[in-house]
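What follows is each chain in one-letter form.
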Amino acid sequence: MRPAVLRTLTAAAVTATALSAGAALAADKVKVGFVSTLSGPSAALGVDIRDAFMLAVKLNGGKLGGLPAEVIIGDDQFKPDVGKQLFEKNIKRDRVDFMTGVVFSNIMLAAVPEAFDSKTFYISPNAAPSPLAGKECNPYFFAVSWPNDAYHEAAGQNATNKGFKKVYLIAPNYQAGKDSLAGFKRYFKGQVAGEVYTKLGQLDYSAELAEVRAAKPDAVYTFLPGGMGINFIKQFVGAGLSKDMSLLQPGFGADQDIIRPVGDAMLGTFDTAHWALDLPNAANKKFVAEFEKEYKRLPSVYASQGYDAAQLIDSAVREVKGKIEDKDAVRRALKAAKFQSVRGDFKFNTNQYPIQNYYLRVVGKDAQGRLVNKTLGEPIFRNHGDAYVQDCGMK
Amino acid sequence: MSGLLLLEQSLNGLQFGLMLFLLAAGLTLVFGIMDMINLAHGSLYMVGAFLAAWFVQLTGSFVAGVLLAIPAAAVFGMVLETTLLRSLYARDHLSQVLATFALILIINEGVRMVWGSDLPLSAPAALSGPVELLPGLYYPAYRLLIIGVGLALALLLYLLVTQTRMGALVRAGASNREMAMAMGVDIRRLFTAVFGIGAALCAVAGAMLGPLLAVQVGMGEGILILAFVVIVIGGIGSIRGALVGSLLVGFVDTAGRTVLPHLFREFLPPQFASAAGPAVASIAVYLLMAVVLFVRPQGLFPARG
């Protein structure tokens with residue numbers, strides 16, 4: 001302890017020496033392993049996260065926390081085994097300091113033990129499944145997005161507020177699918193007209209849509225990310241169901257990656273999210289403008305999460321002054337989350353999942369006639385955490 | 001379950017089954033006549049879909065794009081047959097499986113290099129809405145088109161096989177290859193022609209399903225497994241078997257996703273039903289295959305008596 005104090009004192013007195021001493025201790029660059037779904041029908045999700053992450057690095061002059069950043073990008077091809085192999089390669093061969101990128105919970109859950117075992121921080125720009133929020137919470141896991149249930153809890157609350165009586169639920173048969181419908185039901189007070197779990201990656205929903213028609217609900221709520229959602233909504237409209245019932249969506253179910261291919265059929269769709277294009281904070285305005293300038297398209301909620309993941313790493317590396325070998329210090333710095341998030345204020349809970357606001361959004365046209373999400377009224381939830389934190393042993 | 005729902009689900013099963021038939025018909029002929037296991041059959045389906053999406057982009061017309069893609073895919077199939085697959089006929093099944101599996105990987109990466117990992121393809125706008133078939137029964141217009149195309153091609157194929165000289169040669173080849181050769185059938189030309197027809201049928205299936213599913217690298221692998229299930233159920237080498245097998249698989253898959261969960265909810269506690277429903281639905285088709293194999297190991301309509 002004493003030598004450290006002495007060194008700090010000396011450093012304060014003799015700036016030049018201190019700087020060189022600091023540099024000797026700090027790493028000379030930050031290595032980030034980025035693994036995401038970059039091909040197939042759900043590629044748009046991973047591509048948005050990657051593009052926004054790289055945009056943040058670029059706006060920082062190619063640095064994270066003042067150190068030159070090296071981002072190693074891999075495509076998990078929507079396959080858990082490929083994701084796991086890439087994690088292993090990034091951690092064992094490339095010796096990265098941080099891992100990030102994965103879209104899907106099943107892939108992340110298969111791969112992330114590689115990071116935990118080697119004490120590499122995993123900054124999740126999307127998947128935040130319930131097991132890692134509760135009993136299996138881990139000091140090396142930070143969800144910079146939102147707990148898997150949260151959008152669906154907000155959607156359930158919204159369905160209750162709107163007075164829907166019978167809602168039909170559809171989700172893929174995997175961890176995040178189950179989390180999502182559990183979340184919706186936690187806050188929805190009406191009747192569940194049907195609850196169907198489809199195969200993950202299913203692209204043809206003819207049989208499910210026939211069931212929906214027969215059940216005659218007021219609304220359908222689906223958790224179908226990426227290509228699954230695009231196909232579902234197109235087929236939902238093609239079957240003529242949009243005339244008879246409302247379609248409720250989580251934020252990513254009606255975001256730019258879905259709106260672009262589906263088109264005007266999305267107008268008037270309500271969805272719930274922790275972020276929107278029009279959130280009025282300065283960080284968000286800069287992000288949206290820069291993203292559009294760089295990539296000639298509007299960012300999705302996935303992009304906002306990728307951008308925040310890079311900002312979180314940036315803030316932590318800056319906070320520890322580049323000494324990324326000191327895992328405890330990095331962890332404290334990550335948890336402090338000292339950066340301007342594009343979602344506005346948020347903080348990490350004891351399980352390192354965010355506590356934040358959730359908004360109701362509706363798809364409408366902007367001044368240029370493009371389809372965009374606009375926030376409506378007051379947040380549905382303010383400073384909302386998750387239902388699993390009490391099972392987590394971390395303080 | 002109401003009558004209308006049952007009718008709508010039957011149409012769904014029919015639509016899926018007919019598209020499977022287009023794949024299985026080519027596969028069963030290649031397998032039956034040439035005794036060749038072609039795992040790369042799904043790649044022809046993928047190439048057909050990519051060609052269709054590409055031609056639709058170039059011409060701006062869905063119909064023109066699909067019509068151009070069909071001969072293009074047939075040519076691709078025939079070139080593949082004459083240059084590569086021909087040398088595999090004499091080999092054992094294991095070598096064929098290995099070589100055609102390699103071909104899947106090569107074609108996947110080849111397509112990725114030429115077109116990228118996916119291409120957009122949408123149904124024509126005029127067919128994007130529903131049609132009222134009966135009072136209260138709405139059905140997507142595009143799916144009706146698929147059913148129409150599927151039925152027309154099934155009929156055409158039936159006439160080709162039963163009424164034409166080429167069909168007679170195909171049937172002769174399927175029931176006894178050596179004898180057909182001994183009778184002076186030019187087997188090489190016949191094989192190439194059959195392969196071209198198979199590829200063209202794959203292209204139709206790929207182009208028609210593209211707007212409903214997605215035109216992407218790897219799209220052929222999942223459906224290839226089902227096509228194999230179909231020909232095992234139907235009997236190898238038999239077009240009639242392929243048709244019956246496809247429709248059976250189409251109906252069982254649709255019923256598995258809808259009727260089974262209903263039944264489970266009736267008879268089982270809800271937490272078990274919600275877990276078992278999707279699990280059993282995804283294996284329903286394979287259960288059907290197991291039952292058929294147990295009762296009739298040679299398939300329902302084997303080409304070789």
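All values derive from a computational prediction rather than experimental measurement.

Undergrad: How should I be thinking about the overall build of chain B in this particular structure?
TA: Along its length, chain B carries 11 helices and 4 strands. Since a compact globule built from 305 residues should have a radius of gyration of about 19 Å, the 20 Å found for chain B is in line with a globular shape. With respect to the principal axes defined by its C-alpha atoms, chain B has extents near 60 × 50 × 35 Å. Residue burial in chain B is summarised as follows: out of 305 residues, 50% are buried. Long-range pairs, those at least 24 residues apart, make up 77% of the contacts in chain B between residues at least 6 apart in sequence.

Undergrad: Would you take a moment to explain the overall build of chain A for this structure?
TA: Along its length, chain A carries 14 helices and 14 strands. In summary, chain A has a C-alpha radius of gyration of 22 Å against a globular reference of 21 Å for 395 residues, a match within 12%. Overall size of chain A, expressed as C-alpha extent along the three principal axes, is 75 × 45 × 35 Å. In chain A, which comprises 395 residues, the share counted as buried stands at 55%. For chain A, contacts bridging at least 24 residues in sequence account for 73% of all contacts bridging at least 6.

Undergrad: Honestly, the domain arrangement of chain A in this entry has me stumped. Any pointers?
TA: Where the parts come together, the accessible area they lose is often given as the size of the interface. All names here are of chain A. Along its sequence, chain A is carved into domain 1 (2-146 + 279-344) and domain 2 (150-273 + 358-391). The C-alpha centroid of domain 2 is placed 29 Å from the C-alpha centroid of domain 1. Elements with a contribution of two residues or more to the side of domain 1 that touches domain 2: helix H3 (43-59), helix H5 (105-117), helix H6 (130-133) and helix H13 (301-319). Taken together, the residues of the side of domain 1 that touches domain 2 break down into 14 nonpolar, 6 polar and 3 charged.

Undergrad: When you look at the interface of chain B and chain A in this model, what are you seeing that I'm missing?
TA: Listed as interface residues are 26 residues of chain B and, on the opposing side, 22 residues of chain A. At the level of elements, helix H1 (3-34), strand E3 (137-140), helix H5 (141-163), helix H10 (239-267) and helix H11 (270-295) of chain B are the ones that each hand at least two residues to the side of chain B that touches chain A. Each residue belonging to the side of chain B that touches chain A can be placed in one class, and the counts come to 10 nonpolar, 12 polar and 4 charged.

Undergrad: Help me understand the sheet that holds strand E2 (residues 63-64) of chain A, please; the structure alone is not making it clear to me.
TA: Strands pair in a sheet through their backbones, by hydrogen bonds, and they do so in one of two ways: parallel or antiparallel. Residues and elements named next belong to chain A. Spatially, the 6 strands line up as an open sheet ordered E2-E3-E1-E4-E5-E6, and their pairing is mixed. The strands lining the two open edges of the sheet, one partner per strand, are E2 and strand E6 (141-143). Where strand E1 (residues 30-36) and strand E3 (residues 67-75) come together, 7 bridges link them in parallel fashion. By the bridge assignment for E3, Val35 is matched with Gly74. Sitting on the sheet, H3 touches E1, E2 and E3, and the angle it makes with E1 is about 165°.

Undergrad: What exactly am I supposed to notice about the confidence of the model for chain B here?
TA: Atom-level detail of predicted coordinates should not be read off regions where pLDDT is low. Looking at chain B, pLDDT values average 89 and 98% of them are 70 or higher. For this predicted complex, the interface confidence reaches an ipTM of 0.80, while the overall pTM sits at 0.81.

Undergrad: Would you explain helix H2 (residues 41-59) of chain B in this entry?
TA: Because an α-helix packs 3.6 residues into every turn, residues spaced three or four apart end up facing the same way. Residues and elements named next belong to chain B. Taking 1.5 Å per residue as the helical rise, H2 with its 19 residues ought to reach 27 Å, and the 27 Å between its terminal C-alpha atoms agrees with that figure. Of all the 19 residues making up H2, 15 are buried; the element is thus mostly covered by neighbouring parts of the structure. A positive phi of about 75° marks Gly60, the residue just after H2.

Undergrad: Before we go on, may I ask you to explain the packing of helix H9 (residues 206-215) of chain A against H10(B) in this structure?
TA: Two packed helices can be described by the angle between their axes and the distance between those axes. It is at 9 Å that the axes of H9(A) and H10(B) come closest, and there the two elements cross at 35°. Pair H9(A) / H10(B) crosses with right-handed handedness. In this structure, H9(A) contributes Ala207(A), Glu208(A) and Glu211(A) to the contact, and H10(B) contributes Thr254(B), Arg257(B) and Thr258(B).

Undergrad: Would you mind going over H1(B) with me for this structure?
TA: Residue and element names in this part refer to chain B. The end-to-end C-alpha distance of H1, which contains 32 residues, comes to 45 Å, matching closely the 46 Å that a straight helix rising 1.5 Å per residue would cover. By the largest-angle criterion, Leu23 marks the main kink of H1, which is about 30°. A large share of H1 lies buried, amounting to 26 of its 32 residues. Once H1 finishes, Asp35 follows within two positions and takes phi at roughly 55°, a positive value.

Undergrad: Sorry if this is basic, but what is going on with the pairing of E3(B) here?
TA: One face of the sheet, then the other: side chains in a regular strand alternate in exactly this way. All names here are of chain B. Relative to E3, strand E2 (residues 130-134) is paired through 4 bridges, and the arrangement is antiparallel. Residue pairing in the sheet places Val131 in a bridge with Tyr139 of E3. Adjacent in sequence and paired antiparallel, E2 and E3 are bridged by 2 residues, among which Gly136 carries a positive phi angle near 90°.

Undergrad: Just to check I follow, could you spell out the packing of helix H9 (residues 219-234) of chain B against H10(B) for this structure?
TA: Residues and elements named next belong to chain B. The contact between H9 and H10 brings their axes to 8 Å, and the two run at 120°. Between H9 and H10, the angle falls in the class oblique. For the pair H9 and H10, the sense of crossing is right-handed. Here Leu226, Val229, Val230, Ile231, Ile233 and Gly234 of H9 come into contact with H10, specifically with Gly241, Ala242, Val244, Gly245, Ser246, Leu248 and Val249. The residue makeup of the contact of H9 with H10, split by class, is 9 nonpolar, 4 polar and no charged.

Undergrad: When you look at unusual backbone geometry in this model, what are you seeing that I'm missing?
TA: Keep in mind that most residues, glycine aside, have a negative phi and that most peptide bonds are trans. Residue and element names in this part refer to chain A. For Phe78, which is not glycine, the phi torsion reads 65° and is therefore positive. Relative to the elements of secondary structure, Phe78 occurs in the loop between E3 and helix H4 (80-93). If you check the backbone angles, Lys296 has positive phi at about 60° while not being a glycine. Topologically, Lys296 is positioned in the loop between helix H12 (282-295) and H13.

Undergrad: Help me understand the nonpolar core in this model?
TA: Across soluble globular proteins, nonpolar side chains show a tendency to be buried alongside one another. Residue and element names in this part refer to chain B. Counting residues in hydrophobic clusters, the biggest one holds 228 residues, and the most contacted among them are Ala52, Ala73, Ala203 and Ala227. With 17 residues, the single largest contributor to this core is H1. When near neighbours in sequence (up to four residues on either side) are disregarded, Ala227 contacts Leu20, Leu23, Ala24, Leu27 and His41.

Undergrad: I keep staring at the pairing of strand E8 (residues 191-198) of chain A and nothing clicks. Help me out?
TA: Residues and elements named next belong to chain A. Sheet analysis places strand E7 (residues 166-172) next to E8, joined by 7 bridges and oriented parallel. When the sheet's bridge partners are listed, Tyr168 is paired in E8 with Gly194. Handedness of the crossover is the feature at issue here: the chain leaves E7, passes through helix H8 (residues 175-187), returns alongside E8, and the resulting connection is right-handed.

Undergrad: Looking at this model, I keep getting lost on the environment of Gly218(B). Mind explaining?
TA: Looking at where Gly218(B) falls in the secondary structure, it is placed in the loop between strand E4 (215-216) and H9. Along the primary structure Gly218(B) and Leu105(B) are separated by 113 residues, whereas in three dimensions their C-alpha atoms are 9.0 Å apart. Apart from the residues within four sequence positions on either side, Gly218(B) is in contact with Gly40(A) and Asn108(B).

Undergrad: When you look at the environment of Thr350(A) in this model, what are you seeing that I'm missing?
TA: Within the element layout of this structure, Thr350(A) appears in the loop between strand E12 (347-348) and strand E13 (354-365). Between the C-alpha atom of Thr350(A) and that of Phe104(A), which follows or precedes it by 246 residues, the distance is 23 Å.

Each value, and the rule that gives it
Residues numbered from 1 in each chain as written. Chains lettered and ligands numbered in written order. Predicted model: local features only at pLDDT ≥ 70, side-chain atom pairs only at ≥ 80, totals over all residues. Helix = DSSP H or I, 4+ residues; strand = E, 2+ residues; numbered from the N terminus. Rg over C-alpha atoms; globule rule 2.2 N^0.38 Å. Buried ≥ 20, exposed ≤ 12 C-beta atoms within 10 Å, placed from the backbone. Contact = placed C-beta atoms within 7 Å. Domains from an automatic or database assignment. Nonpolar A, V, L, I, M, F, W, Y, C, P; charged D, E, K, R; others polar. Pairing = 2+ DSSP bridges. Axes fitted to C-alpha atoms, helices over the stretch in contact; angles between N-to-C directions. pLDDT = per-residue confidence, 0-100. Expected span 1.5 Å × (residues − 1). Left-handed = near helix turned anticlockwise from the far one by under 90°. Bend = angle between axes of the 7 residues up to and from the residue. Parallel < 35°, antiparallel > 145°, perpendicular 65-115°, else oblique. Core = buried A, V, L, I, M, F, W, Y, C linked by C-beta atoms within 7 Å. Right-handed = clockwise from strand over helix to strand, strands pointing away.

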